[in-house]
2 protein chains.
Amino acid sequence: MIGASKPVRIAHTLEADIRSGMLNRGDPLASESALVKRFSVSRNTIRKSLEILSSKGLITTKSGIGSFVTFDGKTIDDRSGWSVALASGDIRLETRVLALARGPIGISDAPTLDSSEFLVVDRLRFRAEDGEGVSLERSRVPWQDTFVGVLDEGLEAGSLTELLRSKGLIVAGGDEWAGVLPALSDADARLMQRRAGEPMLRLRRLTRGADGSVIEFVESILDPVMFGLHMEF
Amino acid sequence: MIGASKPVRIAHTLEADIRSGMLNRGDPLASESALVKRFSVSRNTIRKSLEILSSKGLITTKSGIGSFVTFDGKTIDDRSGWSVALASGDIRLETRVLALARGPIGISDAPTLDSSEFLVVDRLRFRAEDGEGVSLERSRVPWQDTFVGVLDEGLEAGSLTELLRSKGLIVAGGDEWAGVLPALSDADARLMQRRAGEPMLRLRRLTRGADGSVIEFVESILDPVMFGLHMEF
DNA sequence: TGTTCAAACCTGTTCATACCTGTACTTTTA
DNA sequence: TAAAAGTACAGGTATGAACAGGTTTGAACA
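Residues numbered from 1 in each chain as written. Chains lettered and ligands numbered in written order. Predicted model: local features only at pLDDT ≥ 70, side-chain atom pairs only at ≥ 80, totals over all residues. Heavy atoms only, no water.

Peer 1: Explain the protein's contact with DNA strand D to me, and be specific about the residues and the numbers.
Peer 2: Among the 23 residues in the neighbourhood of DNA strand D, the closest are listed as Lys6(A), Asn44(A), Thr45(A), Asn44(B) and Thr45(B). Put simply, 62% of the atoms of DNA strand D that lie within 4 Å of the protein are in sugar or phosphate. One of the side-chain nitrogen or oxygen atoms of Ser63(B) is found 3.4 Å away from a sugar or linking oxygen of DNA strand D. For the surface near DNA strand D, the secondary-structure elements that each account for two or more residues are α1 (6-19) and α3 (43-55) of chain A together with α1 (6-19) and α3 (43-55) of chain B. (Near = heavy atom within 4 Å. Polar contact = N/O pair within 3.5 Å; in protein donor to acceptor, adjacent residues only side chain to side chain. Helix = DSSP H or I, 4+ residues; strand = E, 2+ residues; numbered from the N terminus.)

What follows is the structure, given as structure tokens:
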């Protein structure tokens, strides 16, 4: 990415916006003149960026109307350094919240954290077709009393990230580990409607705020056939 | 430095700017004409200085845009992508070069690359204790005739990275994928002295130069018990 | 109620300009 | 006589501006 032309660099950040799910399929992009302001470049440069995205099939642009996202969101999670990408795009996934509670961390081998109570969010993603789980995500956020409402009302817009942001928890950095979980446990296999003993992809992430305090610890167990990790640098 | 030519002295000054951290990785250098004014020399001289820096891998220069720092003063290894972390530290590892040759890519499912001939480097890392392989790394670099000597003399200092840098192949960006290899193949199992069918951690990396050309494609197959991927962000 | 029409905003296209590097060459200088 | 300076031109890149045409909206009007 070093030394790339402005259009390439801008196309790159717009692509990240799209792949991260910030912009969903069908959403309109900002107008060219708005992008001119956002990136402080000329409209010609913006147009070249859009042409790059268009040639990649990420957007289409309609005369007199604007540009629209035509990418159906293969990337599941891009909040941090790497992105979790679906290996095949033609699959409809649904999400179910398994747990939304206040409690202990309940994850073995988790890093030791200062807090002893957490906002516990467990989520399962599964194939709409046959109900087989493809990802199991356990998120733990050190408890704050401002979370009380969430337990009743549920996650705002379903997004934990949005919730944390609204509470002023801004991610400044963190660590991520990826590895192979040699064998799916019985309990998790039941939750995911899979066979126990299967090898799975395990992803762990610890995010911290600017002051170094822990914002969130997440463990994701992913179907290795469906998911891979991808990073562009 | 006394007695050195102007281009050398100027290159030296600029190198100090880069290594001191005054200029960071990715930053643009001043334009050639600006450097002409700064050092009160001709543009020819400046260009020679930049050529020196470029040959050292400190910068890359793009037509119509400028020169950019490609040197990261902080880390020895490329700061690109995930770092492969040993899970347990008490184990002595040895390395054996399985192949050092010129040939086709020979990796299934590899991304399509322009070149059809590659510098092939296969390396095995194994436990000194019992000889069990813990990582199998297949590196492929699009063939250049300047590689000829390497086939006889072996890798300089054992480092492929060093070789590439000495040939002016500077990494400016790339992609990395990680996933689970569900079952170790028979052939690889033999090479690694492991059981076939074991799940392994698979890491693939494609690095590119500033002009977008492919520098190296690497596939690593890692013992998931020994290795994890770690990233700090 | 239905039509017309102007305004606002969007993209499509082109072009002049400025500044950047790439290259080749001659002239000056130490 | 080699190093450095100077000159000239070609080609790549980004800017800013202008103008054309598509789309939507809403006010004015029949």
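Next, the rest of the story.
Peer 1: Tell me about the domain arrangement of chain A, and please be specific about residues and values.
Peer 2: Under the domain assignment used here, chain A contains domain 1 (6-69) and domain 2 (78-222). When each unit is reduced to the centre of its C-alpha atoms, the spacing between domain 1 of chain A and domain 2 of chain A is 31 Å. (Domains from an automatic or database assignment.)

Peer 1: Help me get a handle on the packing of aromatic side chains, residues and values and all.
Peer 2: Summed over the entire model, instances satisfying the criterion amount to two aromatic pairs over all chains. Relative to Phe147(A), the ring of Trp143(A) lies with its centre 5.7 Å away and its plane at 85 degrees, an arrangement referred to as edge-to-face. On the basis of relative accessibility, which here comes to 0%, the residue Phe147(A) falls in the buried class. Positioned above the aromatic ring of Phe68(A) is the side chain of Lys62(A), whose terminal nitrogen or guanidinium carbon lies 5.8 Å from the ring centre. Across from the ring centre of Phe126(B), 4.9 Å away, lies the NZ or CZ of Arg96(B), which sits over that ring. (Phe/Tyr/Trp six-rings, centres within 6.5 Å; stacked < 30°, edge-to-face > 60°. Buried < 20%, exposed > 50% of the residue type's maximum accessible area, 1.4 Å probe, protein only. Lys NZ or Arg CZ within 6 Å of the ring centre and 35° of its normal.)

Peer 1: So, the protein's contact with DNA strand C: which residues are in play, and what are the values?
Peer 2: Lining the immediate environment of DNA strand C, one finds 24 residues, of which Arg43(A), Arg47(A), Glu32(B), Arg43(B) and Arg47(B) sit closest. Within the side chain of Thr61(A), an N or O atom sits 3.5 Å from a phosphate oxygen of DNA strand C. Between a sugar or linking oxygen of DNA strand C and a main-chain N or O atom of Gly64(B), the distance comes to 3.3 Å. Tallied by class, the residues present in the surface near DNA strand C amount to two nonpolar, 14 polar and eight charged. (Nonpolar A, V, L, I, M, F, W, Y, C, P; charged D, E, K, R; others polar.)

Peer 1: Residues and numbers for the sheet that holds strand β10 (residues 214-222) of chain A, please.
Peer 2: With respect to topology, eight strands assemble into an open sheet ordered β5(A)-β6(A)-β7(A)-β10(A)-β9(A)-β8(A)-β10(B)-β3(B), the strand pairing being antiparallel. Here the strands that pair on one side only, and so sit at the sheet edges, are β5 (93-103) of chain A together with β3 (83-86) of chain B. With direction set aside, neighbouring strand axes in the sheet form an average angle of 20 degrees. Here strand β8 (residues 173-181) of chain A pairs with strand β10 (residues 227-232) of chain B via four bridges, running antiparallel. (Pairing = 2+ DSSP bridges. Axes fitted to C-alpha atoms, helices over the stretch in contact; angles between N-to-C directions.)

Peer 1: How would you summarise α3(A) if you had to cite specific residues and measurements?
Peer 2: Residue and element names in this part refer to chain A. Taking 1.5 Å as the rise per residue, α3 with 13 residues should run 18 Å; its terminal C-alpha atoms sit 18 Å apart, in good agreement. Here α3 has its buried residues at Thr 45, Ile 46, Ser 49, Leu 50 and Leu 53. Looking down the long axis of α3, one finds its buried residues gathered within 140 degrees of arc, a one-sided arrangement. Of the exposed residues in α3, the ones pointing more than 90 degrees away from its buried face are Asn 44, Lys 48, Glu 51 and Ser 55. (Expected span 1.5 Å × (residues − 1). Arc of directions from axis to C-beta.)

Peer 1: A description of the packing of α1(A) against helix α2 (residues 32-39) of chain A should follow, citing residues and the corresponding values.
Peer 2: All names here are of chain A. Packing of α1 against α2 leaves a shortest axis separation of 12 Å and a crossing angle of 110 degrees. When the axis of α1 is compared with that of α2, the two are roughly perpendicular. Within the contact between the two elements, α1 uses Ile 10, Thr 13, Leu 14 and Asp 17 and α2 uses Leu 35, Arg 38 and Phe 39. (Parallel < 35°, antiparallel > 145°, perpendicular 65-115°, else oblique. Contact = heavy atoms within 4.5 Å.)

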